[in-house]
Amino acid sequence: MKPTLTLATALLTLASFASGAASQSLEKLAITPQLVAAAEKEGEVTLQYSSPLVTMQGLIGEFTKAYPKIRVNLDRKAGASGANALMQEMAAGVARVDVFQGSDNAPNKALIDKGAFVAIEPSNVADLDKVALSLAPYLYFPDLNRTVIAYNPKFVTAEEAAKLKDWRGILDPVFKGRISLVEPTFGVTMAPLLYVMNTKHLGAEFLGKLKAQAPNIYVNTAQARQALISGQKPISWGAQWEAVILTQIGRGAPVRFVYPEPAVEWGGTAWGVLKTAPHPNAARLLLAWKLSREGGQAEQGAYSNMRSNITGLPDGRVVFGKVKAETWYAEPKGTWRPDLQDWIANGTRYQEIWAKSVR
Amino acid sequence: MLRPRPFVGGHDDAPFWEGCRLGVLRLQRCRKSGIYLWPILPVCPDDLTTNFDWVEVSGRGRVSSYVVYRRLYDKEFAGALPYISASVELVEGARMTGNIFSADGDMNADIILGPEPKVDALIGRAVEMFFEDIGGGLRIPQWKLTRDTTSPAPGKGGKTT
């Protein structure tokens, strides 16, 4: 374990990046009998979240097994819409949500700047990968996402799928009319867009060519998965992530995936405790559990299949273990991580370019 | 009254709109799992199968959530303010959205809710579907509060994604 002093310094450096509330004192967070008792006395906690419904229900089921006296109220508002709704509630003086989970980092940062979150240092902070600390001490990213290009093998041949490993492969005329895209208003759709916009041979020109491939454009990723599984649009490009596709594979859906080279990976969703949490102890307990090894293991369950940012936590994803043994599976040779400052500063501009080029 | 035009002509939506035209509320029901789906989907989220029947449903349900609009966000609702948009859970289980009308057919939220209503005044209230003609040959399902304030039993067979 690294010395605490070094960690505190690192967190303070990150805190200065996450401006707006940097003067807050850092609150230490650990699961103690006192915290559990206080949380149980409150009896409930409200989590506003972005993950898919079934994923979150499965994860919270594990939390409830550990803490059965605490009811978790789940309120799903995905991507930017969740952060924006919270911003409106804050402006109206409504204190309803205890814990926030958001995927789009530009609005996430806007919430930090508004002073929405408690500055927290979890007791196991030394065990978290640096990507988990990108917006610390206000928001933490317990999990690691990877972009995949998902396809339905009933409608896409192995030879065609191999072309998708190249980011420009999707422009092959063979894919015209067979693709779906999703509006880049979620972390999972923003992250690949950031790669496109930061790569010289891609950029806006590439997006224009993508439009010429006559894609269907959906407003959410679940619609794209429906089209993928049914075969209506057998390729979901720039909209799916490893965990959610593994979950579909685990359910027996006719789906495979490739990692484009390089594979885009980033801290999937950011979690934080609201300063105005009506159930402050239960909120802290939920966050501490989510950042713990137990929380990381729970996130690897069949309903979620998520990579953990907790260093040293064995990869217990059963579905992934099976997929790795398949002949069609190939590890990415390289990975690319978005610059969070670029995401925050330029995300809206990139979305506008996407809309102008692709819609 | 003005209304936003719904998108008609999506995948597999013809039986729904044909039902509306005939005055019958029909939903997709998965042949394998038996669950009713809304919105219309190409794949059953429960068992991943793709075989469905279009089945007439009761049109009875209860309000599971709602919001009162007092500000104009869509100009096509001009003249309708204040109005209520709600999620209605059918006795068959699927959840549909629509506007709430009083038992007398009034859409004004202040008339429906009365002065100083509780924030959850409509939660659980029984509603019945009726078709509203929005012009251009289109009719859409809407929801009218029943005079009987007893809630119907919660549905079991629905899936809303």
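Quick note: structure is the one above.
Reference entry: report on the structure contained in this document. (Residues numbered from 1 in each chain as written. Chains lettered and ligands numbered in written order. Predicted model: local features only at pLDDT ≥ 70, side-chain atom pairs only at ≥ 80, totals over all residues.)

When helices and strands are tallied, chain A shows 14 helices and 14 strands. Scaling as 2.2 N^0.38, a compact globule of 359 residues should have a C-alpha radius of gyration of about 21 Å, and chain A matches this with 20 Å. With the principal axes as the frame, chain A shows a C-alpha extent of 60 × 40 × 40 Å. When the 359 residues of chain A are sorted by exposure, 49% land in the buried category. (Helix = DSSP H or I, 4+ residues; strand = E, 2+ residues; numbered from the N terminus. Rg over C-alpha atoms; globule rule 2.2 N^0.38 Å. Buried ≥ 20, exposed ≤ 12 C-beta atoms within 10 Å, placed from the backbone.)

Our next topic: unusual backbone geometry. A cis amide bond links Trp 38 of chain B to the next residue, Pro 39 of chain B, at an omega of 0°. Take Pro 39 of chain B: it is sitting in the loop between strand S2 (36-37) and strand S3 (52-56). With an omega of -15°, the peptide bond between Leu 81 of chain B and Pro 82 of chain B qualifies as cis. Unlike most non-glycine residues, Ala 214 of chain A shows phi in positive territory, near 55°. Tracing the backbone through its elements, the reader meets Ala 214 of chain A in the loop between helix H8 (203-211) and strand S8 (216-218). Overall, Ala 214 of chain A belongs to the exposed group, with 11 C-beta atoms counted inside 10 Å.

What follows is about the environment of Tyr 151 of chain A. Residue and element names in this part refer to chain A. Along the chain, Tyr 151 falls in strand S6 (residues 143-151). The buried category is assigned to Tyr 151, around which 29 C-beta atoms lie within 10 Å. Sequence-wise, Tyr 151 and Gly 231 are 80 residues apart; in three dimensions their C-alpha atoms are separated by 8.9 Å.

As a further point, take helix H1 (residues 14-22) of chain B. Residues and elements named next belong to chain B. Along H1, the residues that are buried comprise Phe 16, Gly 19 and Cys 20. In an axial view of H1, the angular spread of the buried residues amounts to 100°, which keeps them on one side of the axis. Away from its buried face, by an angle of more than 90 degrees, H1 presents the exposed residues Glu 18, Arg 21 and Leu 22. As for H1, its buried residues are in contact with strand S1 (26-30), strand S7 (126-135) and strand S8 (138-145). Positioned one or two residues after H1, Gly 23 has a phi angle of 80°, which is positive. (Arc of directions from axis to C-beta. Contact = placed C-beta atoms within 7 Å.)

Facing the seven residues of chain B at the interface are nine residues of chain A. For the side of chain B that touches chain A, the per-class residue count stands at four nonpolar, three polar and no charged. (Nonpolar A, V, L, I, M, F, W, Y, C, P; charged D, E, K, R; others polar.)

Judged by pairing direction, the barrel is mixed, and its five strands sit side by side in the order S4-S5-S6-S8-S7 (chain B) before closing back on the first. Strand-to-strand twist of the sheet, defined as the mean angle between neighbouring strand axes without regard to direction, takes the value 45°. (Pairing = 2+ DSSP bridges. Axes fitted to C-alpha atoms, helices over the stretch in contact; angles between N-to-C directions.)

So, on to the sheet that holds strand S4 (residues 99-102) of chain A. Backbone hydrogen bonds are what pair the strands of a sheet, in a parallel or an antiparallel way. All names here are of chain A. If you trace the four strands from one edge of the open sheet to the other, you get S3-S2-S4-S12, paired in mixed fashion. Both outer strands of the open sheet, strand S3 (71-76) and strand S12 (270-273), are each paired with one neighbouring strand and no more. Neighbour to neighbour, the strand axes of the sheet diverge by 20° on average, direction disregarded. Pairing between strand S2 (residues 44-49) and S3: six bridges, direction parallel.

This paragraph deals with the pairing of S6 of chain A. All names here are of chain A. For S6, the buried fraction is high: nine of the nine residues fall into the buried class. Every second residue of S6 is oriented toward a common face, with Asp 143, Asn 145, Thr 147, Ile 149 and Tyr 151 on one face and Leu 144, Arg 146, Val 148 and Ala 150 on the other, all of them buried. Two elements, S6 and strand S13 (residues 307-308), share two bridges in a ladder whose sense is antiparallel. Its bridge partner lying in S13, Leu 144 is registered against Arg 307. Note that S6 and strand S11 (residues 263-267) share three bridges and pair antiparallel. Along S11, the bridge assignment pairs Arg 146 with Glu 265. Across four bridges, S6 lies against strand S9 (residues 235-241) in antiparallel orientation. What sits directly across from Ala 150, in S9, is Ser 236. Pairing of S6 with strand S10 (residues 256-258) involves three bridges; the strand directions are antiparallel. Looking across to S10, one finds that Ala 150 is bridged to Phe 257.

Residue and element names in this part refer to chain B. One ladder, built from three bridges, connects strand S4 (residues 60-69) with S7; its direction is antiparallel. In the strand pairing of S7, Arg 62 is matched with Ala 126. Summarising the sheet, S7 and S8 pair through eight bridges and their orientation is antiparallel. The residue of S8 that forms the bridge with Gly 135 is Leu 138. Count of turn residues in the S7/S8 antiparallel hairpin: two residues, of which Gly 136 carries a positive phi of about 65°.

Ranked by size, the top nonpolar core spans 79 residues in total, and within it Val 148, Ile 149, Ala 150, Leu 194 and Ile 245 of chain A together with Leu 37 and Ile 100 of chain B carry the most contacts. Among the elements that make up this core, the one with the highest residue count is helix H7 (residues 187-197) of chain A (eight residues). Core analysis: the next-biggest nonpolar cluster, separate from the first, contains 49 residues, Leu 86, Val 97, Phe 141 and Ala 298 of chain A among them. (Core = buried A, V, L, I, M, F, W, Y, C linked by C-beta atoms within 7 Å.)

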